[in-house]
Amino acid sequence: MQNSFIIFQKLLVLFGFMFIGYLSYKKEWMLLIRIEEKYRMSEQTSAIVSKVWGMCNPLRDDGVSYGDYLEQLTYLIFLKMSDEYSRPPYKRETGIPVGFTWADMHTLKGAELEDKYKKILEKLGEQGGILGKIFKGATNKISNAAILYRVVQMIDTEKWVAMSSDVKGEIYEGLLQKNAEDIKSGAGQYFTPRPLIKAMVECLRPEPMKTIADPCCGSVGFFLAAQSYIADPEHYTLDREQKEFLKNETFYGNEIVSTTYKTALMNLYLHNIGDIYGNVPIQFGDALLTDPGYRVDYVLTNPPFGKKSAITFTNEEGEQEEEDLVYNRQDFWTTSSNKQLNFVQHINTILKATGKAAVVVPDNVLFEGGAGETIRKKLLETTDLHTILRLPTGIFYKPGVKANVIFFDKRPASPEMQTKEIWIYDFRTNIHFTLKQHPMTDADLADFIRCYNPQNRYERTETWSENNPDGRWRRFDVNDILARDKTSLDLFWIKDKSLADLDNLPEPDELAADIIENLQSALESFQELQTQIEK
């Protein structure tokens, strides 16, 4: 009997080792499959991206900007995908009127194609729901019929519905970045550097079945990064309910610029977020006008640059005048015409009592007096404003921008000061980036993420000390902040080497970029002052 028990024990141990080996083998096999899938996807992506980019130069030569091309692709890809959805195995009701579908135009050429495309755009712009929102005011910007035919044929050869959302998204994101680089388009102001977005998401670590808002969502870069983070098997294994929630109930956004709103809708559609024929996650309009009523778990956003909100009206003499737009909202701590300060207040409103936020703000939010000081004090009192990332120059498409990311967690109402300490990472002093020659990458933000310690931000270690005065990660007690003039959060401690060591100045192009940015920032301030004086 005893021998039988010993044999049974040995067999149990043997089966245990075999099972562990099986699990290890399965894990490695799954990893190999994922690597192969990514490789196949990258090859497929490269081929399609090459086709899409191949059309850019002839279009540019014909006077079509990246923004116009992006807009036309939005319309055409939407029509093609709707056509695919109307066929087996989907057989979905697309809402597109008979006679105005992709099938009615993709075989046409020349003037016939131009005429049909124009009529389709006009007809769809008259429809209700999301269709009308995407196609409202749509016109054909590709005046060369031969090029229009080539674009239509390029889109027609691909099966867009069956294509991975990662592939479609990469194509579209690439065009968005090109459009942002096109200075004439002015689209750069809606484009946040993707490495920065990714770092902000990694620090907040959004969870499944929780809601995320961006009140000025631009081309929805934050939503896509959050979706990617939550859907990543290395972070979470999602069940069906969680996947449905991620697609249809996670995101809430606003966009005030019509063309950007259409771009955002299409970007969501391509990334399988929301239902293009039902409710969509983003609304068209000014988020600051009113409290939307919803409350979310996370806010990730980069409000538009420029201090003042203004409205344009025609006076009695028939002349156009601008007037500061002040939002009188009962849920705000104070009234101000400063857009960024108003967005900070709006974000505080839409967060749940346990919500978390990561917000890009310009330097003036950290030091401006009056309403700025009031809002900073309220943030320190009612939220845990625990982290500030000082951003380097040269990472945004709008020149002269000096910005930061503030991280704060909302707290339930309490008489106690909620912020106890503020950790600041100086990623600006002695760091220089440019958009093309030396762009910021994911690797550049790795040290900040490590210092932030997303796994447990309550366990952090300063890299600054008296023995290491150039350490970029430093802790400040909230009482020291409160004692500063205007409760300023504009804190620096690292010596600027370009000022201290004249023998080791930065490269001429870096110096020139810094000078231009400083001059443009100063010019904007003078222009605002002049506007105030003229009033």
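The numbers attached to residues start from 1 for each chain and follow its sequence in the written order. Totals for whole chains, interfaces and linings use all residues, but because this is a predicted model, local features are given only for residues with pLDDT of at least 70 and pairs of side-chain atoms are given and counted only at 80 or more. Water and hydrogen atoms were dropped before computing side-chain values, which therefore reflect all heavy atoms in the structure.

(A) Broad picture of the packing of aromatic side chains. Note on ring pairs: Phe, Tyr and Trp rings are taken, using the six-membered ring of Trp, and paired if centres are within 6.5 Å. Classes follow the plane angle, with under 30 degrees stacked, over 60 edge-to-face and the rest tilted. For the structure shown, the criterion picks out 17 aromatic pairs. Aromatic pair tyrosine 425 and tryptophan 473: ring centres 6.1 Å apart, planes at 50°, arrangement tilted. Taken as a pair, tyrosine 425 in strand S10 (residues 421-426) and tryptophan 473 in strand S11 (residues 473-477) lie far apart in primary sequence, 48 residues in all. The class for tyrosine 425 is buried, based on a relative accessible area of 4%. Whether a residue is buried, partly exposed or exposed follows from its accessible area with a 1.4 Å probe, protein chains only, as a fraction of its type maximum: under 20%, in between, or over 50%, in that order. Given the relative accessible area of 0%, tryptophan 473 is considered buried. Strands here are runs of E lasting at least two residues and helices are runs of H or I lasting at least four, both read from the DSSP assignment and numbered beginning at the N terminus.

(B) Structural view of the pattern of salt bridges. Should a side-chain nitrogen of Lys or Arg be within 4 Å of a carboxyl oxygen of Asp or Glu, the pair is scored as a salt bridge. A complete count under the given rule lists 21 salt bridges for this structure. As a salt-bridge pair, arginine 411 and aspartate 384 come within 3.7 Å of each other at their nearest N and O atoms. One end of the pair, arginine 411, is in the loop between strand S9 (403-410) and S10; the other, aspartate 384, is in strand S8 (residues 383-390), with 27 residues separating them in the sequence. The shortest N-O distance in the salt bridge between arginine 457 and aspartate 409 comes to 3.0 Å. One end of the pair, arginine 457, is in the loop between helix H15 (446-452) and S11; the other, aspartate 409, is in strand S9, with 48 residues separating them in the sequence. For the pair arginine 457 and aspartate 409, a shared accessibility class is recorded, and that class is buried. Several salt bridges converge on common partners, so that one network encompasses Asp363, Arg390, Arg428 and Asp490.

(C) Seen up close, the pairing of S8. Across the 8 residues that make up S8, a large majority, 8, are buried. Inspection of the sheet shows S8 paired to S9 by 7 bridges, in the antiparallel sense. The residue of S9 that forms the bridge with isoleucine 388 is isoleucine 406. Sheet topology places S8 next to S10; 4 bridges connect them, and they run parallel. For isoleucine 388, the partnering residue across the bridge sits in S10 and is isoleucine 424. At least two bridges found by DSSP between two strands are what make those strands a pair.

(D) Geometry of empty space enclosed by the protein. Only protein atoms enter the 1 Å grid, on which a cavity is a set of points fitting a 1.4 Å probe that cannot get out and a pocket is an open set with protein on both sides within 12 Å along at least 5 of 7 lines, lining residues being those with an atom within 4 Å of a point. Grid points are joined across faces, edges and corners, and a volume is the space filled by probe spheres set on the points. Applying the stated criterion across every chain, the model contains 5 cavities of 30 Å³ or more. Here the element with the most residues in the lining of the largest cavity is helix H14 (residues 371-382); it accounts for 3 residues. Looking at the lining of the largest cavity residue by residue, the class counts come to 9 nonpolar, no polar and 1 charged. In the scheme used here, Gly and all other residues not listed as nonpolar or charged are polar, with Ala, Val, Leu, Ile, Met, Phe, Trp, Tyr, Cys and Pro taken as nonpolar and Asp, Glu, Lys and Arg as charged.

(E) Seen up close, unusual backbone geometry. Between proline 88 and the following residue, proline 89, the backbone shows a cis peptide bond with an omega angle of 5°. If you trace the backbone, proline 89 turns up in the loop between helix H3 (66-85) and helix H4 (110-125). With a phi angle near 50°, arginine 205 is a residue other than glycine that sits in the positive phi range. You can call arginine 205 partly exposed: its relative accessible area is 32%.

(F) Up close: the nonpolar core. Only buried Ala, Val, Leu, Ile, Met, Phe, Trp, Tyr and Cys residues count toward a nonpolar core, and they belong to the same one when joined by side-chain atoms within 4.5 Å. Ranked by internal contacts, the top residues of the largest apolar core, which has 95 residues, are Phe135, Leu389 and Phe407. Residue contributions to this core peak at 10 residues, all from H3. Contacts are residue-level and defined by heavy atoms, with any inter-residue pair within 4.5 Å sufficient. Not counting residues within four places of it along the chain, the set of residues in contact with leucine 389 comprises Leu196, Ala403, Asn404, Val405, Phe407, Tyr425, Phe427, Leu445 and Phe448. Counting residues in hydrophobic clusters, the runner-up holds 31 residues, among them Leu341, Val344, Val361 and Phe408.

(G) Broad picture of the pairing of strand S7 (residues 351-362). Where strand S4 (residues 296-301) lies against S7, 5 bridges are found, and the strand directions are parallel. Within S7, the position partnered with valine 296 by the bridge is leucine 351. For S7 and S9, the ladder comprises 7 bridges, and the chain directions are antiparallel. Counterpart to valine 361 in the pairing with S9 is asparagine 404.

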